[in-house]
Amino acid sequence: MAAGYLILESGEVFEGEWIGASTAKEGELVFNTAMTGYQEMVTDPSYKGQILTFSYPIIGNYGLNSFSDESARPAVEGVIVNESCAGPSHFQSIHSFDSYLKEHNIPGLAGIDTRALVKIIRKSSTVRAKITKTYHQEEKYTFIKKKKGELVKSVSVQQKKYYSGNGKHVVLLDYGFKESILQALLDEGCAVTTMPYHSSFASVEAEKPDGVLFSNGPGDPMELEKYFGEIKKITETYPSLGICLGHQLIALAHGAASEKMLFGHRGSNHPVLHIPSGKVNITSQNHGYVITDESLKNTEFEPLFININDKSVEGMQHKNLNVSSVQFHPEAHPGPSDTHFIFEEFIQQLSAGGVKECVKI
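Not measured: the values here are computed from a predicted model.

S.K.: Describe in detail the packing of helix 5 (residues 179–187) against helix 10 (residues 341–350), supporting the description with residues and values.
M.R.: Remark: helix 5 packs on helix 10, axes separated minimally by 10 Å, with the N-to-C direction vectors making an angle of 50 degrees. In this view, helix 5 runs oblique relative to helix 10, as classed from their interaxial angle. You can see that helix 5 and helix 10 cross each other, and the crossing is right-handed. Between helix 5, through Ile 181, Ala 184 and Leu 185, and helix 10, the contact on the second element is made entirely by Phe 343, Phe 346 and Ile 347.

S.K.: Describe the UniProt feature "domain: Carbamoyl-phosphate synthase small subunit N-terminal" (unreviewed entry) in the protein chain, and please don't skip the residues or the numbers.
M.R.: Those residues carrying the UniProt feature "domain: Carbamoyl-phosphate synthase small subunit N-terminal" (unreviewed entry) are residues 2–132 in this numbering. Span residues 2–132 is 16% helix and 33% strand, its end C-alpha atoms 11 Å apart.

S.K.: So what about the pairing of strand 13 (residues 211–214)? Which residues, and what values?
M.R.: Because side chains alternate across strand 13, one face comprises the buried residues Gly 211 and Leu 213, and the other comprises Val 212 and Phe 214, equally buried. Examined bridge by bridge, strand 11 (residues 169–174) and strand 13 share 4 bridges and lie parallel to one another. Along strand 13, the bridge assignment pairs Val 170 with Gly 211. Crossover handedness for the path strand 13 to helix 7 (residues 228–237) to strand 14 (residues 240–243): right-handed.

S.K.: If you had to explain helix 5 to someone new, which residues and values would you point to?
M.R.: For helix 5, every residue scored as buried is listed here: Ser 180, Ile 181, Leu 182, Ala 184 and Leu 185. Residues of helix 5 that are buried make contact with strand 10 (161–163), strand 11, strand 12 (191–196), strand 13, strand 14 and helix 10. Downstream of helix 5 by one or two residues, Gly 189 has phi in the positive range, about 90 degrees.

Thresholds, definitions, all that
- Residues numbered from 1 in each chain as written.
- Predicted model: local features only at pLDDT ≥ 70, side-chain atom pairs only at ≥ 80, totals over all residues.
- Heavy atoms only, no water.
- Axes fitted to C-alpha atoms, helices over the stretch in contact; angles between N-to-C directions.
- Helix = DSSP H or I, 4+ residues; strand = E, 2+ residues; numbered from the N terminus.
- Parallel < 35°, antiparallel > 145°, perpendicular 65-115°, else oblique.
- Left-handed = near helix turned anticlockwise from the far one by under 90°.
- Contact = heavy atoms within 4.5 Å.
- UniProt positions renumbered as here; feature names shortened; annotations may be inferred.
- Buried < 20%, exposed > 50% of the residue type's maximum accessible area, 1.4 Å probe, protein only.
- Pairing = 2+ DSSP bridges.
- Right-handed = clockwise from strand over helix to strand, strands pointing away.

Here's what the structure looks like:
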């Protein structure tokens, strides 16, 4: 294999073996700790604009199949692995990791000391990096900053699309939704209309939904500040559920505040406490921003889930409205299915309307 280089904005350089497409890319460098689910990860739109480091030492051993993609094409800018398996073994495999990356124009590097790389990422809230085939020690490398809102715009649907169902009608506002979230709603019998991230309250109202789901997606939630007014109107009118970025947007629209985490939560084994039941659930997560606990006290929301490790807010519920949200991914792709009940409770809320009448979830 040809040599390649990972050049970090902080000055470190890693040399590895080139895999995937023969093109240079750059983005925010992040890491995920999950042991499986690499196909779902590289196609998760929340990774748009990012170079994904897999901390698990071997990637590609069970290949890639025709049905586990979370979007129409990979979202990552590039991938970094310690070892890329060239000979996958699984009866459903149709691609090796390397061939899949080549087909979708995604570059990567193998043979990287990912343990050392993760240690570097953990020390800084944002590390930008380049994957390139050349490196000159005397050259000064510059890194491009993305324009506000550009990441969500690049992964959101451009036009609404309707999916039939026999149950309640849900509008799915798309900030970069994963296919498994849509499928979770369809599996519950819902009819679903996916709509662009910038949809107004009036356009949502015209669809006559029973409820609204605000999806996951990439980037800083404050970059979508101009839409907060419309988001607040929607949540004050319809039963609503927010997931990941959607959770952050609902909170911000109601007066809470967000902050950049030191290195984010990206993995499939994050424990969260469900406050009403006292039960700890293991969750799949992918986010670099969080809603601050202190700011939530100034809103009509109260915490619903708390992260066991760092005590960060992992979910919330409105005191008077049928509006709730979670920071993790309850559809469990990839990851555990402990919190699938979030969808079931959301479906139950659809019959109740926007204002709570009885028991909180």
